[in-house]
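One-letter residues, chain by chain:
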Amino acid sequence: MASTAMSPVRGQAGQAEDFVIRVEDLRVEFRTPIGVSSALDGITFEVPRGKTLGVVGESGCGKSVTGLAILQLVPLPGIITSGRVLFRPHDGSEAINLLEYERMGADMRGTRGKNISMIFQEPMTSLNPCYTVGNQIKEAILLHQTKNHKEAKERAIDILQKVGMPNPERIFGSYPHELSGGMRQRAMIAMGLSCTPDLLIADEPTTALDVTTEANILELMRELQQEIGMSIMFITHNLGVVAQMCDDVAVMYLGRIVEQASVEEIFYDPKHPYTISLLRSIPRLGTNRKEHLEVIRGSVPDPYTRVSGCPFHPRCPSFMPGICDKVYPEALHLPSSPQHLVRCHLYNDLNHQEVATSSGDKSS
Amino acid sequence: MVNYVLRRLLYMVVTLFFISIIGFFIINLVPGSALDARINQLRAQGGEVSYQEIESLKARYGLNDPIPVKYWKWVSGVVHGDFGESFTYQEPVGSLIWSRIGFSVLLSSFALIFTWVVAIPVGVYSATHRYTVPDYVITLIQFIGVAVPDFLMALILLVVASKFFHTGVGGLFSQQYQNAPWSWARVGNLLSHMWIPVIVIAASATAWTTRVMRANLLDVLNQQYVQTARAKGLREAVVIWKHAVRNALHPLIMTLGSLLPSLISGEVIVSIVLNLPTTGPLYISSLINKDMYLAITFLMALSILLVVGNLLADLLLAWVDPRIRYE
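No experiment lies behind these values; they were computed from the predicted model shown. (Residues numbered from 1 in each chain as written. Chains lettered and ligands numbered in written order. Predicted model: local features only at pLDDT ≥ 70, side-chain atom pairs only at ≥ 80, totals over all residues. Heavy atoms only, no water.)

Caption draft 1: Summary view of the packing of helix 9 (residues 224-231) of chain B against helix 10 (residues 236-248) of chain B. Residue and element names in this part refer to chain B. Where helix 9 meets helix 10, the closest approach of the two axes is 10 Å, and the angle between their N-to-C directions is 155 degrees. Between helix 9 and helix 10, the crossing angle belongs to the class labelled roughly antiparallel. At the point where helix 9 passes helix 10, the crossing takes the right-handed sense. Contacts between helix 9 and helix 10 involve Tyr225, Val226, Ala229 and Arg230 on the former and, on the latter, Glu236, Val239, His243, Ala244 and Asn247. (Axes fitted to C-alpha atoms, helices over the stretch in contact; angles between N-to-C directions. Helix = DSSP H or I, 4+ residues; strand = E, 2+ residues; numbered from the N terminus. Parallel < 35°, antiparallel > 145°, perpendicular 65-115°, else oblique. Left-handed = near helix turned anticlockwise from the far one by under 90°. Contact = heavy atoms within 4.5 Å.)

Laid out in structure tokens, this is it:
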């Protein structure tokens, strides 16, 4: 279930579960004329095989960059400064560090789209307006699976059928602008799945869609996951979607993972003050109208300045002066559930099973 | 689509009709004409013969007719392929233009091909290597290309050609080929003379087009679908040339619309400096000398090329970008 990531106590969780992707201490910097911004500041996590990992956080916390970094597609001036991205193919062979591949080299290109594919937030702009949907899906198949155009077309129509397109032959010859947003996202998913990848990185795939379409797309992704047996890394800021889709959740703040646990624990027993605040800021049915929705005070700090100590401390409701603003918290495994990781000084004392703080109670 | 083209053709005819009326009227507003100069010349020689000749000239060219009658006479001639007669050259306008238009089109076509063949790859390179030394060098050359006036560049190239390459300069042929019949040697001689005017005519257009290509491609490279293409595992060359460049071509195609008329009038200054037998200088002199029929014929030719060019550009745009479909 939960990963054994964020090492110090690794192995304690029993047998090392099979993973598809294991990211270790990944760092990405954007070096611009105004300064250096650390988009990812040493993140470590695993996506277990066949499972779905949700990556959540506010805008600018590095969720999307994480996905792009796995494929070595971080746009300039962003560069990956250190870390490893271990990929283990489904045939059981040794894990490969993808960052050792040359960025635009044949090996890296052979992994993109074939073993790991990615779909993006904006279905309106992620398909090229100049080519038919079929052409764009066929392109990936021709690259990774077969050189035969006829066969590629058959496969493309097949996959379009699978993603629930009403008339796959017609859609194959349609241009993106002739399709609705939901249809385009289906086409994107078809493109992503056309080579039956081991991992699908879905970067906010339903953010631009209305809720009905969103529900359809999520349902479709779950079905296809069952069918193909792939893993999904689901990047989103929508906690409702996380609850529906994910097995594990990693909560990110300012380029770091602050809490990581199974989806149940994140929702029913969140530990990090940031996670707790995030969950409290979701509107709920049945709550009193006059009550104000809780907000996280302050806003994400300027990316070019470095916050000392815990990056969340200026906004944290449980801020402890002298510690939080001085020392960067280590990742801790909670004694009560070893696969639950949290980076917070509140839980520093491992002997205390239940830490009584103001943030300990949760609203559910 | 067929309906659209037919409708556009109809609009074109209407547009041209109004241009011809307005153009003809304005050209006739100017007092005097090239004919007056000749009449004065004849008067100076004196004598009855001359007087009769003047009258016959006036009658022949309908100089005393009101403008609408003149216009009607001219239009009914045009319908039969008779564009009137040039006062200054005393030759039919049609044959005057035809004898020169070949060189004009040849020169300008070469210039256009040169522009695109150079500007598109250089613009793409410049965009994909943004903020590197080669990009800065290209940018510098572009600004020079835009800033240096045509005639100056023509003069500089003339000097360079005669000093360092020892080729004959000016004109389109060396002396011995000037009036020779067509042969391979003559074609070779033509080509060896062409590079200077081609470069001069194309220089600023190339610089400008490179700039536009760079800016557009930079926009397109930020688009999500470019990232999608990379995420598929495509080679960078395919990502750029198949997915990005095609989406960056729109402004280049739109300039084609205004490019056709410049094919026959654009190289005026260069032609004068380099002494080229093209249509540009003829057009200018017809306006200066008030050579009515020659001027109006040129005006109409340019107008036709403009509207046709725009139609072609619109159709080409629809072909490149499937989102553009005319109803």
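Caption draft 2: How the structure looks around helix 6 (residues 133-147) of chain B. Residue and element names in this part refer to chain B. The end-to-end C-alpha separation of helix 6 is 21 Å, in line with the 21 Å expected for 15 residues at 1.5 Å each. Of all the residues in helix 6, the buried ones are Asp135, Ile138, Thr139, Gln142 and Gly145. The buried residues of helix 6 occupy an angular sector of 120 degrees when the element is viewed end-on, so they sit on one face. In helix 6, the exposed positions that point more than 90 degrees away from the buried face belong to Val133, Leu140, Ile141 and Ala147. Elements that come into contact with the buried residues of helix 6 comprise helix 5 (93-128) and helix 8 (184-221). (Expected span 1.5 Å × (residues − 1). Buried < 20%, exposed > 50% of the residue type's maximum accessible area, 1.4 Å probe, protein only. Arc of directions from axis to C-beta.)

Caption draft 3: Quick peek at the pairing of strand 3 (residues 52-56) of chain A. Residue and element names in this part refer to chain A. Taken across its five residues, strand 3 has five buried, putting it largely inside the fold. Residue alternation in strand 3 divides its side chains into two sets, Thr52, Gly54 and Val56 and Leu53 and Val55, and both sets are buried. Summarising the sheet, strand 3 and strand 8 (residues 231-236) pair through five bridges and their orientation is parallel. Residue pairing for strand 8: glycine 54 is matched across the bridge by phenylalanine 234. Pairing of strand 3 with strand 9 (residues 248-253), which is carried by four bridges, proceeds in the parallel orientation. (Pairing = 2+ DSSP bridges.)

Caption draft 4: Representation of the pairing of strand 10 (residues 256-262) of chain A. Residue and element names in this part refer to chain A. Summarising burial for strand 10: seven of the seven residues are buried, a large majority. Both strand 9 and strand 10 contribute to a ladder of six bridges, which runs antiparallel. Residue aspartate 248 lies in a different strand from strand 10, and its bridge partner there is serine 262. The loop that links strand 9 with its antiparallel partner strand 10 comprises two residues; one of these, leucine 254, has a positive phi angle of about 50 degrees.

Caption draft 5: Spotlight on the packing of helix 6 of chain B against helix 8 of chain B. Residue and element names in this part refer to chain B. Their axes nearest at 8 Å, the elements helix 6 and helix 8 cross at an angle of 135 degrees. Put simply, helix 6 runs oblique to helix 8. For the crossing formed where helix 6 meets helix 8, the hand is left-handed. Each of Asp135, Ile138, Thr139, Gln142, Phe143, Gly145 and Val146 in helix 6 lies in contact with helix 8, whose residues at this interface are Ala203, Ser204, Ala207, Trp208, Thr210, Arg211 and Arg214. Per-class residue counts for the contact of helix 6 with helix 8 are six nonpolar, five polar and three charged. (Nonpolar A, V, L, I, M, F, W, Y, C, P; charged D, E, K, R; others polar.)

Caption draft 6: Focus on the domain arrangement of chain A. Residues and elements named next belong to chain A. What the domain assignment lists for chain A is domain 1 (1-115 + 199-364) and domain 2 (125-196). Contact residues are listed per partner, giving 17 residues for domain 1 and 11 residues for domain 2. Across the domain 1/domain 2 interface, buried area totals approximately 1200 Å², and carbon plus sulfur atoms make up 73% of it. The three residues of domain 1 that bury the most area against domain 2 are Lys114, Leu220 and Ile228, which together make up 34% of that side's buried surface. A salt bridge links lysine 162 to glutamate 227, with the shortest nitrogen-to-oxygen separation between them at 3.7 Å. For the pair domain 1 and domain 2, the number of links is two residue pairs in polar contact (both at pLDDT 80 or more). (Domains from an automatic or database assignment. Buried area = accessible area lost by both parts, 1.4 Å probe. Salt bridge = Lys/Arg side-chain N within 4 Å of Asp/Glu carboxyl O. Polar contact = N/O pair within 3.5 Å; in protein donor to acceptor, adjacent residues only side chain to side chain.)

Caption draft 7: Representation of the sheet that holds strand 4 (residues 78-87) of chain A in the model. Residues and elements named next belong to chain A. Spatial strand order, 2-1-4-5: four strands in an open sheet with antiparallel pairing. Of all strands in the sheet, those with a lone pairing partner are strand 2 (35-48) and strand 5 (96-97), marking the two edges. Note: strand 1 (residues 19-32) against strand 4, eight bridges, orientation antiparallel. For valine 23, the partnering residue across the bridge sits in strand 4 and is valine 85.

Caption draft 8: Looking closely at the interface of chain A and chain B. Between chain A and chain B, the contact holds 27 residues from the first and 21 residues from the second. When chain A packs against chain B, close to 2300 Å² is buried across both sides, 60% of that on carbon and sulfur atoms. The largest contributions to the chain A side of the interface with chain B come from A:Cys130, A:Tyr131 and A:Glu139, which together make up 25% of the buried area. Connecting chain A to chain B are two salt bridges.

Caption draft 9: Structural view of the pattern of salt bridges. Scanning the entire structure with this criterion turns up 22 salt bridges over all chains. Between A:Asp18 and A:Arg49 there is a salt bridge whose closest N-O contact spans 2.6 Å. Of this pair, A:Asp18 sits in the segment before strand 1 while A:Arg49 sits in the loop between strand 2 and strand 3, and the two are 31 residues apart along the sequence. For A:Asp18, a relative accessible area of 34% puts it in the partly exposed group. When the shortest N-O distance is used, the salt bridge between B:Lys232 and A:Glu139 registers 2.6 Å. Note that B:Lys232 is positioned in the loop between helix 9 and helix 10 and A:Glu139 in helix 3 (residues 133-144), a pairing that runs across two chains. Put simply, A:Arg22, A:Glu24, A:Glu46 and A:Arg84 are held in one network by salt bridges that share partners.

Caption draft 10: Geometry of helix 8 of chain B. Compared with the 56 Å implied by 1.5 Å per residue over 38 residues, the 47 Å span of helix 8 of chain B between its first and last C-alpha is markedly short. In the structure, helix 8 of chain B departs most strongly from a straight axis at B:Ala203, where the bend amounts to approximately 40 degrees. (Bend = angle between axes of the 7 residues up to and from the residue.)

Caption draft 11: Structural context of the sheet that holds strand 6 (residues 116-119) of chain A. All names here are of chain A. In spatial order, the strands read 6-7-8-3-9-10-12-11; together these eight strands make up an open sheet with mixed pairing. Edge positions in the sheet fall to strand 6 and strand 11 (332-333), since each has one partner strand and no second. Here strand 10 runs beside strand 12 (residues 341-342); their pairing, made up of two bridges, is antiparallel. Note on strand 12: the bridge partner recorded for glutamate 259 is valine 342. On top of the sheet, helix 10 (residues 273-280) reaches strand 9 and strand 10; it is set at about 100 degrees to strand 9, its chief contact.

Caption draft 12: Just a nonpolar patch on the surface, in detail. The grouping of B:Leu10, B:Tyr11, B:Val14, B:Phe17, B:Phe18, B:Ile21, B:Ile22, B:Phe25, B:Ile26, B:Leu29 and B:Val30 at the surface amounts to a nonpolar patch, some 1100 Å² of accessible area in total. We classify B:Val30 as partly exposed; its relative accessible area is 37%. (Patch = residues over 30% accessible without salt bridge, like charges linked within 9 Å, V, L, I, M, F, W, Y side chains within 5 Å. Areas by Shrake-Rupley, 256 points an atom, 1.4 Å probe, with all protein chains shown as cover.)

Caption draft 13: Region of interest: the domain arrangement of chain B. Residue and element names in this part refer to chain B. Splitting chain B by domain gives domain 1 (2-79) and domain 2 (94-320). Tallying the contact residues gives 21 residues for domain 1 and 18 residues for domain 2. In total, domain 1 and domain 2 occlude about 1600 Å² of area from one another, counting both sides; carbon and sulfur atoms represent 81% of this. If you sort the residues of domain 1 by the area they bury against domain 2, Leu16, Ile27 and Trp74 come out on top, with a joint share of 31%. Measuring nitrogen to oxygen at the nearest pair gives 2.7 Å for the salt bridge that ties arginine 8 to aspartate 314. Linking domain 1 with domain 2 are one residue pair in polar contact (both at pLDDT 80 or more), by the criterion used here. Mapped by element, the contributors of at least two residues to the side of domain 1 that touches domain 2 are helix 1 (2-29) and helix 4 (67-79). Ranked by the residues each element gives to the side of domain 1 that touches domain 2, the list is headed by helix 1, at 13 residues.

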